[in-house]
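What follows is each chain in one-letter form.
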Amino acid sequence: MSGGQHRGPSHRAPEVRDPLDRTRFPIDEWALVERDLDHDALGLSETLFAVSNGYLGMRGNVEEGRDSHAHGTFINGFHETWPIQHAEEAFGFAQVGQTIVNVPDAKVIRLYVDDEPLLISVADLVDYERRLDFRTGVLTREIVWRTPSGKRVQIRSQRMVSFTQRHLAVMTFEVTMLDDRAPVAISSQVLNRQDGEDEYHVRSKAMGEGFDPRKAESLQRRVLVPQGNSGDIDHGRVALGYQCADSGMTIAVAADHVFETENDYTQRIQTGDDLAKMTYRVDAEPGRPIRLTKLVSYHTSRGVPSRELLDRCRRTLDRAHEQGVEVHLADQREWLDRFWERSDVEITGQPEVQQATRWNLFQLAQASARAEGAGIPAKGLTGSGYGGHYFWDTEVYVLPFLTYTSPRAARNALRFRHSLLDMARSRARQLAQNGALFPWRTINGEEASAYYAAGTAQYHIDADIAFALSKYIAATGDIDFLTREGVDVLVGTARMWVDLGFWRNEEDGAFHIHSVTGPDEYTTVVNDNLFTNVMARFNLRHAAQAVRELAVRDGIEFERLLKRLTLDMREVEAWEKAADDMAIPFDEHLGIHPQDQHFLDREVWDLENTPLDKRPLLLHYHPLVIYRFQVLKQADVVLALFLQGNHFTDAEKRADFEYYDPITTGDSTLSAVVQSIIAAEVGYHDLALRYFNASLFVDLADRHGNTTDGVHVASTGGVWSALVSGFGGFRDHGGAFSIDPRLPASWEALTYRLTVRDSRVRVTVRDASLELMIESGEQVTLSVRGTEITVSAGNPVTVPLDGQGPRLEGEPPPVPGRRRADGTTITAIVPGA
């Protein structure tokens, strides 16, 4: 799903190095700091310095507003709808598109000194520093501006989206004349731009850079219809209300202003349909600060009138004003202190890796913390990429992190999926299936993928959701959620699988699943995709297990389930039989699992001789060209080796990895993290570290050229998995927790935390030992390289390690030249060369 825009990385993992310009981005293990503003990379910095809480997100646009690549303020789930126009219509195609709305922008605070505006792009900046602090959750900027008349002005600003108050953002803006007096004007605005335009209706560069199927739809009409505005100069409060033209969703935004200075000043207020602002004119004396505090509240709804939402905004702001900014800053720090206690991963002696790791983990907090009642968008709330949609990324890449560090957030994400269950049942009926089929991409629960081959055909999303749900239950023991909601999801998805697949008697009764697409979007609509089949098998078995265990655990709830879902136990027996009979492709001659039934019949795409300016492939070749070759956008079989690793032998994992790794392009940001994990497990330690390093800097170094569209949230979750499951060796198969680490030779130690059944264990991996210590709770039982160990509070355990697993040098050999079972040789081709 994720991938590059104008340039693509080589399919070879890059060498391990620090890719950041450290004169611009100095190393700070607890912050991302910018010491020099690159005007040609505004889009990148706007994403990297975005602040969000999972409900409300603000891109890192400069306060002054005009110098921006892509303006952005987003509310999770707040979207407009539009009819999808298919060139050739067919039954069951997605009909209603959904696009996240760029909501009224309250970040804008413009400064004029001697009637000259501060424009960052042309300003004479004596000093400049911007800092996103991972411990305080506050974006700060400090600059000294020399005006055209030679006067020095110090400007300090803060921006924070609250983790503790879901609907609140806090901003401060402080101006001090350092040498001379001057007339100063500050214009604080709430500005409704249409789909990212500026107030002069100029579209940002991000919306006109050529065709890219992954970018958000830009609607060529008014999206937000004004529903009212108000202003109160005595209290410095302005407010705007709107309704989406088509979806009918409503929004209100209100901003309070507190202005403090010893200088003489006047103020005025202005409100209209698309602009509300407070303007302050100050006779500024040197050394006398001017401080503006701006509290902003957003509320949204699927239909509540905007006037009611405005009342909610007022209540939020009244409370926030009474508490004061210092309380909000302290609450934010306390929330993040608890987050890092549960979530921090420490890499001893690797400061640049440590900084980048914490930036990635901080993005996971920003994307998920207050997403309550909504999903987790592929770009979080840092940009409009993918239209603000939710994909399978959440369940496979993000929920493992949440499950083991912030289980409440994981529960919220799973409850959101449950809320879409009725729509998933409807979608299944539309596609002539029983049970439930969740949409491949969505905001409101309807399928929004206009291209079915690489979208709707990815039925594996059902199994991905069931997988994440089952892993959550195993880690938390949350039987209440399983009983009341989770089991319904498992039953609905299991019904879909047993109806979609079929038994073929002439092949010893194997159960087959045809015409589906796996995670690799360069190979579509195939039969017996390995990933789909092994994940469907997991789904079927866990659905049956959940029903049978409920019958034993709670007879009353079991009877309710049977009645609620009209469930017959003969269905459960069919699920178990389908799982047992599942067709798992295996080629005895090559000794590997084919990605699908006919994958090995194709020739290999010659990636070695494909120019980098033809990458990613999806932007330079017609899909039919790509589909004819053995070439992967992202890990497919290799992802199955990770998620269902207990069903593959060590020899099979190595053979599969060595076959698929050389033909995987890495055009998706979802791939390198998985390749790193399996490379580490099978013994390619150096290659694993190279893939990890590539993943770690996907956004920070803009490796795929499209970070301007927003953070690749799934990749940030994958970074955690690469550390914890790859180098840390953690697995959670079958409800049992095990550790078999693969610490990189260049690392001194790796420390991570896992929350299991309300107890948090700290795991420290060193070259010759592994230490387990309970940080909270009573005890945790894990297996370390086959030996079961129970660690209890106050009694840490140190386990000696004999090395870090097998060691293989170099990279897997190329695929071309191998012979198929029929004697033909696999060849490599560059189409059109």
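Counting restarts for each chain: residues are numbered from 1 in the order of the written sequence. Side-chain atom pairs in this predicted model are given and counted only at pLDDT of 80 or more, local residue features only at pLDDT of at least 70, and totals for whole chains, interfaces and linings cover all residues. Hydrogens and water molecules were not included; the side-chain quantities draw on all heavy atoms of the structure.

Caption draft 1: Summary view of the pattern of salt bridges. Salt bridges are defined as contacts in which a side-chain nitrogen from Lys or Arg sits within 4 Å of a carboxyl oxygen from Asp or Glu. Taken as a whole and assessed by the stated rule, the structure comprises 62 salt bridges. In this structure, Arg12 and Glu811 form a salt bridge, with 2.6 Å as the shortest nitrogen-oxygen distance. Of this pair, Arg12 sits in the segment before strand S1 (31-34) while Glu811 is found in the loop between strand S32 (797-800) and strand S33 (828-829), placing the two residues 799 residues apart along the sequence. In this structure, the salt-bridge partner of Arg484 is Asp480, at a minimum N-O distance of 3.0 Å. Taken as a pair, Arg484 and Asp480 lie in helix H9 (residues 479-500) at a separation of 4 residues, close to a single helical turn. The cut-offs for exposure are 20% and 50% of the maximum accessible area for each residue type, with area from a 1.4 Å probe on protein chains only; residues under the lower value are buried, those over the upper are exposed, and the others partly exposed. The partly exposed category is assigned to Arg484, whose relative accessible area is 44%. Within the structure, one salt-bridge network assembled from shared partners comprises Glu346, Arg753, Arg760, Arg762, Glu771 and Glu775. Runs of E in the DSSP output that reach at least two residues are strands. Runs of H or I that reach at least four are helices, and both are numbered from the N terminus.

Caption draft 2: Examining the sheet that holds strand S31 (residues 787-792) more closely. Strands sit in the order S25-S26-S30-S31 across an open sheet of 4 strands; the sheet is mixed. Looking at which strands have only one partner, the edges of the open sheet turn out to be strand S25 (730-731) and S31. As paired strands, strand S30 (residues 779-784) and S31 are joined by 6 bridges and run antiparallel to one another. Bridging from a neighbouring strand, Ser783 pairs with Glu788 of S31. The pairing criterion for strands is at least two bridges between them, as found by DSSP.

Caption draft 3: Structural context of the packing of H9 against helix H11 (residues 555-564). For helices, the axis comes from a line fit to the C-alpha atoms of the stretch in contact; other axes are also lines fit to C-alpha atoms, and the angle between any two N-to-C directions lies between 0 and 180 degrees. Across the interface, H9 lies against H11 with an axial gap of 11 Å and an inter-helix angle of 40°. Between H9 and H11, the angle falls in the class oblique. H9 and H11 meet at a crossing whose hand is right-handed. Every residue of H11 that contacts H9 at Thr483, Arg484, Val487 and Asp488 is listed here: Glu557, Leu561 and Arg564. Residues belonging to the contact of H9 with H11 are distributed by class as follows: 2 nonpolar, 1 polar and 4 charged. Oblique is the label for any angle not covered by the other classes, which are roughly parallel (under 35 degrees), roughly antiparallel (over 145) and roughly perpendicular (65 to 115). If you view the pair so one helix is near and one far, a crossing is left-handed when the near helix is turned anticlockwise from the far one by less than a right angle, and right-handed when it is turned clockwise. In this description, contact between two residues means that some pair of their heavy atoms is separated by no more than 4.5 Å. In this classification, Asp, Glu, Lys and Arg are treated as charged, Ala, Val, Leu, Ile, Met, Phe, Trp, Tyr, Cys and Pro as nonpolar, and every other residue, Gly included, as polar.

Caption draft 4: Summary view of the pairing of S30. Where burial is concerned, the two faces of S30 differ: the one with Val780, Leu782 and Val784 is buried and the one with Gln779, Thr781 and Ser783 is not. Where strand S26 (residues 738-739) lies against S30, 2 bridges are found, and the strand directions are parallel. Residue pairing for S30: Ile739 is matched across the bridge by Val784. Counted along the chain from S30 to the antiparallel partner S31, the turn is 2 residues long, and its residue Arg785 has a positive phi close to 50°.

Caption draft 5: The packing of H9 against helix H12 (residues 569-580), seen in detail. Contact geometry for H9 and H12: axes closest at 10 Å, N-to-C directions at 60°. Classed by the angle they form, the pair H9 and H12 counts as oblique. The two elements H9 and H12 cross, and the hand of that crossing is left-handed. In this structure, H9 contributes Val491, Ala494, Arg495 and Val498 to the contact, and H12 contributes Glu571, Ala574, Trp575 and Ala578.

Caption draft 6: The arrangement of unusual backbone geometry in detail. In this chain, Arg615 is followed by Pro616 through a cis amide linkage whose omega measures -5°. By the element assignment, Pro616 lies in the loop between strand S23 (603-605) and helix H13 (623-627). Phi is positive for Asp115, close to 65°, though the residue is something other than glycine. For Asp115, the position within the fold is in the loop between strand S7 (109-113) and strand S8 (116-117). A positive phi is found at Thr566, a non-glycine position, where the angle reads about 50°.

Caption draft 7: Expanded view of the environment of Arg411. Within the element layout of this structure, Arg411 appears in helix H6 (residues 407-419). Between the C-alpha atom of Arg411 and that of Asp478, which follows or precedes it by 67 residues, the distance is 9.0 Å. Among residues more than four places away in sequence, those in contact with Arg411 are Tyr472, Asp478, Asp480, Phe481 and Arg484.

Structural measurements only, silent on function.
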